[in-house]
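Close look at the chain arrangement
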There are 2 protein chains.
Amino acid sequence: MKMKSAKTPNLSLPKGATSHRKRPKIQDVATLASVSLGTVSAVLNGNGRISAATRNRVRTAIASLGYHPDLYASNLARKSTQVIGLVVSNLQNPFFAETAQAMEEEAGRHNHQISLMATNFSPERQRAAVERLLGARIAGIAVITSEHDQDARKLVLASGIPSVFLDVDKPIRNSATISVDSRGGMQAAVEHLIKLGHRDLLFVRNSEKENGTVLLSHKLRDEGFATAVRAYNSLGLNTNTVDISGPGADAGQRAIASAIGRVRFTGIVTVTDTVAMGVYRGLQARKLRIPQDVSVVGFDDAYFCRFLNPPLTTVSISREELSRMAVEALLQPQLPSGRGRSFNLGTHLIVRESTATPNTKSRTMRAG
Amino acid sequence: MKMKSAKTPNLSLPKGATSHRKRPKIQDVATLASVSLGTVSAVLNGNGRISAATRNRVRTAIASLGYHPDLYASNLARKSTQVIGLVVSNLQNPFFAETAQAMEEEAGRHNHQISLMATNFSPERQRAAVERLLGARIAGIAVITSEHDQDARKLVLASGIPSVFLDVDKPIRNSATISVDSRGGMQAAVEHLIKLGHRDLLFVRNSEKENGTVLLSHKLRDEGFATAVRAYNSLGLNTNTVDISGPGADAGQRAIASAIGRVRFTGIVTVTDTVAMGVYRGLQARKLRIPQDVSVVGFDDAYFCRFLNPPLTTVSISREELSRMAVEALLQPQLPSGRGRSFNLGTHLIVRESTATPNTKSRTMRAG
DNA sequence: CTGAAAGCGCTTACAG
DNA sequence: CTGAAAGCGCTTACAG
């Protein structure tokens, strides 16, 4: 036992180390199985033809030692990893959670794993996530976020690994982009209400800025609304917009509280289903019935839409298709000379029970 | 433009490799900055006192090369990693998604990162997740799942790294367990209904088996229900139970469809909020009002509870407290001689608007 | 079918 | 404050 000063306990382990038993390594397995280290590696990876007898000896040794190959050592020695980095905004948000799930399944079909990072809408965290993934020598990276960070994008592009981005404004050189037709989706939503007979429309949107620019997906939804309204202008539409301050349901609820009595509406279109959930709450708190008094349309087709009361009419974005595009973009990258590949992802309206012909009586509802 | 043969391009890259530019390594940075490799490492890790001038030269070189340390190489060379492995059942489920989020924040406070794996309730995937995490030489592992796999548990324990499990039946030697007081929570839920005056109770539970055993958390909820009913037996309660076949909202909806007209109830208690969401739907499809006709109580306090119509009375499990316990169990493990450390996590009832005094008229509702 | 050896890209004493 | 060298635990030609 060595002498040490009183300050540092003489049995202290290195910082971070705990009292684990020593981790067995491949050499331990080889010794126990009386084979060489290369042989153990071969049975672990299914390479080479190892006799059944040897293989069994090795397997037994592995089990009895509780051996697990060290990920870092094996990936360092290996040429490539079979993992796709996935950056999403937030896992609480059903759209991202469902997309992450779909991505994992799609990647699995190509024998790849997903390494998942959430940014919580923070550009700093997006950068950190990208750096961490790049350090992990991933096979490709998908940035499926609503916010976008220029630095993070530069890092990705500079790395030269295959990449794909969701909803950015234009094609990216040597990368791929997936553009969701949010504009068309929103347009369809508004037209649906108009065709049902609604003339007094309220748009609950979130124009919160990220890095000084409005999210493209939200901008497209704005445009879709405007386009539809313009197309039916001759019908004498009365439209109003409420801006909310965040992606939460609470904001949707507050939006309604502030709009009621101030503006007239029989149909509401919202930026996301989560916001629509808050809108339901706001409406119901004022004893307004959906769809008898007010029709509501959401956006995203989250899992819970079918279970709201009434089930929410919404615009669907297929997570499966999105995942297929993303994985294809990463695993079958175009020739590097490419100007940037772009995928288009359609949306479609799913009509459920939250929308109906407006009640003429309630149409006159206005400021008290 | 180079000539290539039609079949095998003579410039073909090794399989798995794509056309990335060569990844810079620490030596490249050192050369560019005219320092030694050890110096670069020191500035990367903030070790040693490097002169500001040198540090800047190194930083510039890093930036201009787009250098990212290789995670595998650095972790291989390092003694320990600062990451906690977290295994959850499913990320679609709000309870797990919210817990994962809380764990990440709590771990962050201790300068640790989370490596997250979802099992989708599959024991095989649980085992695979554990193996992958063990290969990653994590500092500790938290198994926060509703299903449990014996093999996975053995692997964890054999590894000797600090571990913590949620909701297992008894303390685990050399490990830690967190027991949620689901029994007490359910008991409180039932008592709440009884005290409001409900005498006809329906329990919508999920007794689906995993590996031949009912989930402990569900068993405890069953017991809580039974205990409460027994305690108030003298009041002449009429109780019924419907078993559903899965964790989804659909199952809850079907449960109600099958119960209505067959049994009498004015108050419903459900195993989870997600199921309660389906129950709402089932009730509302039959034009039954909540809480005027039927009161409903959920379990978990998912994000969406506040936004259902009406807001759902439920039993809350604190994700923050759970995370604190888990991280403490991992980062401040008891002496290895310990018999197994156990934490108890309380639950509490949150009364919202889905429960009320029963309407005497609807109490008599029964089979047609 | 098996073994010895080089090398993956870092970190970390250690010597200057 | 800086540099040369050993070593982390694997994989993968290569030679038998």
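Criteria and cut-off values
- Residue numbers restart at each chain and count upward from 1, following the sequence in its written direction.
- Starting at A for chains and at 1 for ligands, labels are handed out in the order in which the entities are written.
- Since the coordinates come from a predicted model, pLDDT governs what is reported: local features require at least 70, and pairs of side-chain atoms require 80 or more to be given and counted, while whole-chain, interface and lining totals use all residues.
- Computation of side-chain values covers all heavy atoms of the structure but excludes hydrogens and water.
- Nearness here has a simple test: a residue counts as near a molecule or strand if at least one of its heavy atoms is within 4 Å of that partner.
- Side-chain atoms alone can form a polar contact between residues adjacent in sequence; in general such a contact is a pair of N or O atoms within 3.5 Å, and within protein one must be able to donate a hydrogen while the other accepts it.
- Helical segments are the DSSP runs of H or I of at least four residues, strand segments are the runs of E of at least two, and each set is numbered from the N terminus.
- Under the scheme applied, nonpolar residues are Ala, Val, Leu, Ile, Met, Phe, Trp, Tyr, Cys and Pro; charged residues are Asp, Glu, Lys and Arg; polar residues are all the others, including Gly.
- A pair of strands counts as paired when DSSP detects no fewer than two bridges linking them.
- All axes here are fitted lines through C-alpha atoms, helices being fitted over the stretch that makes contact, and every angle between N-to-C directions spans 0 to 180 degrees.
- Each residue after the first adds 1.5 Å to the expected span of a helix.
- Only protein chains enter the accessibility calculation, which uses a 1.4 Å probe; a residue whose area is less than 20% of its type maximum is buried, one above 50% is exposed, and one in between is partly exposed.
- We call two residues contacting when some pair of their heavy atoms lies within 4.5 Å.
- Aromatic contacts are taken between Phe, Tyr and Trp rings whose centres are within 6.5 Å, Trp giving its six-membered ring; a plane angle under 30 degrees counts as stacked, one over 60 as edge-to-face, and the others as tilted.
- Criterion for a charge above a ring: Lys NZ or Arg CZ within 6 Å of the ring centre, and within 35 degrees of the ring normal.
- In superposing the copies, a least-squares fit is computed on C-alpha atoms, taking residues whose pLDDT is at least 70 in both.
- Angle categories are assigned with fixed cut-offs, so that under 35 degrees is roughly parallel, over 145 is roughly antiparallel, 65 to 115 is roughly perpendicular, and the rest are oblique.

Looking at an unreviewed UniProt entry, chain A carries the name LacI family transcriptional regulator, with the source organism given as Edaphobacter dinghuensis.

Turning our eyes to something else, we now look at the protein's contact with DNA strand C. By nearness alone, 22 residues border DNA strand C, and Ser36(A), Arg49(A), Thr54(A), Lys25(B) and Ser41(B) come closest of all. In DNA strand C, atoms within 4 Å of the protein come 76% from sugar and phosphate. Between DNA strand C and Ser36(A) there is a distance of 2.6 Å, counted from a phosphate oxygen to a backbone nitrogen or oxygen. Take the surface near DNA strand C: its biggest share by element is four residues, from helix H2 (residues 37-45) of chain B. For the surface near DNA strand C, the per-class residue count stands at nine nonpolar, nine polar and four charged.

Residues and elements named next belong to chain B. Strand order in the open sheet formed by six strands is E2-E1-E3-E4-E5-E13, and the pairing between neighbours is parallel. Only two strands of the sheet have a single partner each, and these edge strands are strand E2 (113-118) and strand E13 (341-345). Averaged over all pairs of adjacent strands, the angle between their axes in this sheet comes to 20°, without regard to strand direction. In this structure, strand E1 (residues 83-88) lies alongside strand E3 (residues 140-144), joined through five bridges in parallel fashion.

Turning next to helix H6 (residues 123-135) of chain B. Taking 1.5 Å as the rise per residue, H6(B) with 13 residues should run 18 Å; its terminal C-alpha atoms sit 18 Å apart, in good agreement. Inspection of H6(B) places Pro123(B), Gln126(B), Ala129(B), Val130(B), Leu133(B), Leu134(B) and Gly135(B) among the buried residues, and these make up the whole buried set. Contact partners of the buried residues in H6(B): helix H4 (71-77) of chain A together with E1, E2, E3 and helix H7 (150-159) of chain B. If you check the start of H6(B), you find a side-chain oxygen 3.2 Å away from the backbone N of Glu124(B), and it comes from Ser122(B). Directly beyond the C-terminal end of H6(B), a positive phi value near 45° is found at Arg137(B).

Glancing now at unusual backbone geometry. Cis peptide bonds are those with omega within 30 degrees of zero, and the linkage from Ile290(A) to Pro291(A) qualifies with 0°. Secondary-structure assignment places Pro291(A) in the loop between helix H11 (273-285) and strand E11 (295-297). Cis geometry marks the peptide bond from Asn309(A) to Pro310(A); its omega dihedral reads -5°. Checked against the element boundaries, Pro310(A) lands in the loop between E11 and strand E12 (314-317). For Asn111(B), which is not a glycine, the phi torsion comes out positive at approximately 60°. Note on placement: Asn111(B) falls in the loop between helix H5 (94-109) and E2.

It is worth spelling out the packing of aromatic side chains at this point. The description of an aromatic ring pair uses the distance of the two centres, along with the angle that the planes make with each other. Applying the stated criterion across every chain, the model contains seven aromatic pairs over all chains. Measuring from centroid to centroid gives 4.5 Å for Phe203(B) and Phe225(B), while their planes differ by 15°, and the two rings are stacked. Pair noted here: Phe203(B) is in strand E6 (residues 200-205) and Phe225(B) is in helix H9 (residues 216-231), with a separation of 22 residues, a long-range link. Exposure remark for Phe225(B): the relative accessible area of 7% places this residue in the buried category. Between Tyr303(B) and Phe307(B), the ring centres sit 5.8 Å apart and the planes meet at 50°, which makes this aromatic pair tilted. Overall, Tyr303(B) belongs to the partly exposed group, its relative accessible area being 36%. Exposure remark for Phe307(B): the relative accessible area of 2% places this residue in the buried category. Sitting over the face of the ring of Phe299(A), Arg221(A) holds its NZ or CZ atom 3.9 Å from the ring centroid.

Overlaying chain A on chain B yields an RMSD of 0.0 Å, the required transformation being a rotation through 180° with an accompanying axial translation of 0.0 Å. On the angle and the small slide along the axis, the relation comes out as a two-fold axis. Among all residues of chain A, the one whose C-alpha sits closest to the rotation axis is Tyr72(A), at a distance of 2.1 Å. With an isologous cut-off of 70% or more, the 97% of interface residues of chain A that recur at the interface of chain B puts this contact in the isologous class.

Attention shifts here to the packing of helix H1 (residues 26-33) of chain B against H2(B). Residues and elements named next belong to chain B. Running from N to C, H1 and H2 point in directions that differ by 105°, and their axes come no closer than 8 Å. Regarding the angle of H1 to H2, the classification is roughly perpendicular. In contact with Ile26, Gln27, Val29 and Ala30 of H1, H2 contributes Leu37, Val40, Ser41 and Leu44. In terms of residue class, the contact of H1 with H2 is made up of six nonpolar, two polar and no charged.

Another point: the side chain of Arg319(B). All names here are of chain B. Relative to the elements of secondary structure, arginine 319 occurs in helix H12 (residues 319-331). Within the structure, the side chain of arginine 319 is placed 2.9 Å from the side chain of glutamate 98, a separation counted as a polar contact. When sequence neighbours within four positions are dropped, the list of residues in contact with arginine 319 reads Phe95, Glu98, Thr99, Ala102, Asp300, Asp301 and Ala302.

Residues and elements named next belong to chain A. With parallel pairing, the four strands of this open sheet are ordered in space as E9-E6-E10-E11. Because the sheet does not close on itself, it has two edges, and the strands there are strand E9 (238-243) and E11. Pairwise comparison of adjacent strand axes, ignoring direction, gives a mean angle of 20° for this sheet. Alignment of strand E6 (residues 200-205) against strand E10 (residues 267-270), held across four bridges, turns out to be parallel. Each residue of the ladder has a partner; that of valine 204, found in E10, is threonine 270. The strands that helix H8 (residues 182-196) touches are E6, E10 and E11; relative to E10, the one it contacts most, it runs at about 170°. Along the sheet, H11 contacts E6, E10 and E11; its crossing angle with E10, the most-contacted strand, is approximately 150°.

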